[in-house]
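# Remarks on the overall topology
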Amino acid sequence: MLTATCAACGPEPRRTAEDFEPGRSGLSLDEADPVMARVDGTMIRRSDVEREALAQGDDPAGSPPEPGSEEFDRVLEELIDQRLLALEARRRGLNQSEEARRRLALAEERILGNVLVETALADAVTDETIQRIYEEQIRLIPLGEEVRARHILVQTEEEALAIKALLDQGRDFAELAVAMSEDQATRLEGGDLGYFSREGILPAFGAVAFATPEGGVSEPFRTEFGWHLLTVVDRRRQPPPSLEALRPNIARFYTFDQLESLIEGLRNEAVIERADLSLLLAPAPADGEEETQEAAPGPVEDGPDPDQPG
């Protein structure tokens, strides 16, 4: 209701006669931007609801609610109430008051500023720009090494030594992992852990994995989970993050960068004068101070001293 009250001072709603062709239904949903409700001859379009929903949400760049959803219906009802209040304010002539005119002017400035920013950013933040920044960024990202390994987990050192002896005899590591490993997450995959970096694995496990040559089999080693044997299947340079993974951050960063540049350029070209706040912040004179200063005697002129005999 507070939002609706404030919006009552907004710009005049669009009129049916200005937007509809004669004889055409005002509630046709076949339009690109269909009318979702009419209030005393004025229209509320789908884009109005979507814009308001995004403005109320935490992510203005997110996806608007779909017509028929609970969120869409809630915002539509709020806009109907808002329109009713605005129309009643005009019927009472409140839009002609000096206070309303000032607030309408501020609202117009805010809306025009938002339209300018949206237009400028739409021209600047393009797929080509994001692709260029992505390619620049991935060249600067330090990429480490990744290892792909298989492992076998057992509970005792004796079991691990027995399996190592079988591997030394030429038994297949993946087959022994399926038959003997106690790691239920990887056993059926032949102990395959996939690719991992030093930071993505237990320190003790990572130390052995990155010290073992490709195709080699480690000696049994212990971690908090038990005893392990591992073999290194492959090594590779860590791949950079994908464009889709970095796109939101790139778009957000470049948006703020372009917005700052736009505002800075406008400030540099404008003549901006500010009020002297020292006049407003100066302390008021204490009670009686002004009167005391007026009553204070001025300097004594040269002349005979009345207390001395003539």
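Here we summarise the structure given alongside this text. Small disclaimer: the values here were computed from a predicted structure and weren't measured. (Residues numbered from 1 in each chain as written. Predicted model: local features only at pLDDT ≥ 70, side-chain atom pairs only at ≥ 80, totals over all residues. Heavy atoms only, no water.)

What follows covers the overall build of the chain. Looking only at helices and strands, the chain has twelve helices and six strands in total. Taking all 310 residues of the chain together, 29% fall into the buried category. The contacts of the chain with a sequence gap of at least 6 include a subset with a gap of at least 24, amounting to 62%. (Helix = DSSP H or I, 4+ residues; strand = E, 2+ residues; numbered from the N terminus. Buried < 20%, exposed > 50% of the residue type's maximum accessible area, 1.4 Å probe, protein only. Contact = heavy atoms within 4.5 Å.)

Moving on to the pattern of salt bridges. Counting across every chain of the model gives 18 salt bridges. In this structure, the salt-bridge partner of R74 is E78, at a minimum N-O distance of 2.6 Å. Highlighted residues: R74 and E78, both in helix α4 (residues 70–91), separated by four residues, approximately one helical turn. The class of R74 is partly exposed, set by a relative accessible area of 33%. (Salt bridge = Lys/Arg side-chain N within 4 Å of Asp/Glu carboxyl O.)

Among all positions of helix α9 (residues 203–211), only F205, G206, A209 and F210 are buried. Along α9, the residues classed as buried sweep out an arc of 115° about the axis, all on the same side. α9 presents P203 and A211 as exposed residues on the side facing more than 90 degrees away from its buried surface. (Arc of directions from axis to C-beta.)

With that settled, the discussion passes to the sheet that holds strand β6 (residues 226–237). Read from one edge of the open sheet, four strands run β4-β3-β6-β5, paired in antiparallel fashion. The open sheet terminates on both sides in strands that have one partner only, identified here as β4 (192–196) and β5 (221–223). Taken over all neighbouring pairs, the strand axes of this sheet differ in orientation by 40° on average, direction set aside. Relative to β6, β5 is paired through three bridges, and the arrangement is antiparallel. Bridge pairing in β6 places F221 opposite H228. Helix-sheet contacts for helix α8 (residues 173–180) involve β3 (145–154) and β6, and the interaxial angle to β3 is about 45°. (Pairing = 2+ DSSP bridges. Axes fitted to C-alpha atoms, helices over the stretch in contact; angles between N-to-C directions.)

Relative to the assigned elements, E224 resides in the loop between β5 and β6. Sequence separation of E224 and A204 is 20 residues, and the distance between their C-alpha atoms is 9.5 Å.

In the structure shown here, the tally under the stated rule is three aromatic pairs. Relative to F205, the ring of F196 lies with its centre 6.2 Å away and its plane at 65°, an arrangement referred to as edge-to-face. There is no split in this pair, since F196 and F205 are both buried. Where F205 meets F221, the ring centres are 5.5 Å apart and the plane angle is 70°; that geometry is what we call edge-to-face. Pair noted here: F205 is in helix α9 and F221 is in strand β5, with a separation of 16 residues, a long-range link. For the pair F205 and F221, a shared accessibility class is recorded, and that class is buried. Among the aromatic residues, those joined into a cluster by ring pairs are F196, F205, F210 and F221. When the ring centre of Y195 is taken as reference, the NZ or CZ atom of R236 above it lies at 3.7 Å. (Phe/Tyr/Trp six-rings, centres within 6.5 Å; stacked < 30°, edge-to-face > 60°. Lys NZ or Arg CZ within 6 Å of the ring centre and 35° of its normal.)

Turning our attention to helix α10 (residues 243–269). In this model, α10 (27 residues) spans 37 Å end to end at C-alpha, consistent with the 39 Å of a helix rising 1.5 Å per residue. A maximum bend of about 25° is found in α10 at N249. Residues of α10 that are buried include every one of L243, L246, I250 and Y254, and no others. (Expected span 1.5 Å × (residues − 1). Bend = angle between axes of the 7 residues up to and from the residue.)

A regular strand carries its side chains on alternate faces of the sheet. Among the ten residues of β3, seven are classified as buried, and the element is accordingly described as predominantly covered. Bridge count between β3 and β6: ten bridges; the pairing is antiparallel. What sits directly across from E145, in β6, is R237. Two elements, β3 and β4, share three bridges in a ladder whose sense is antiparallel. Looking at the pairing, V147 lines up with F196 of β4.

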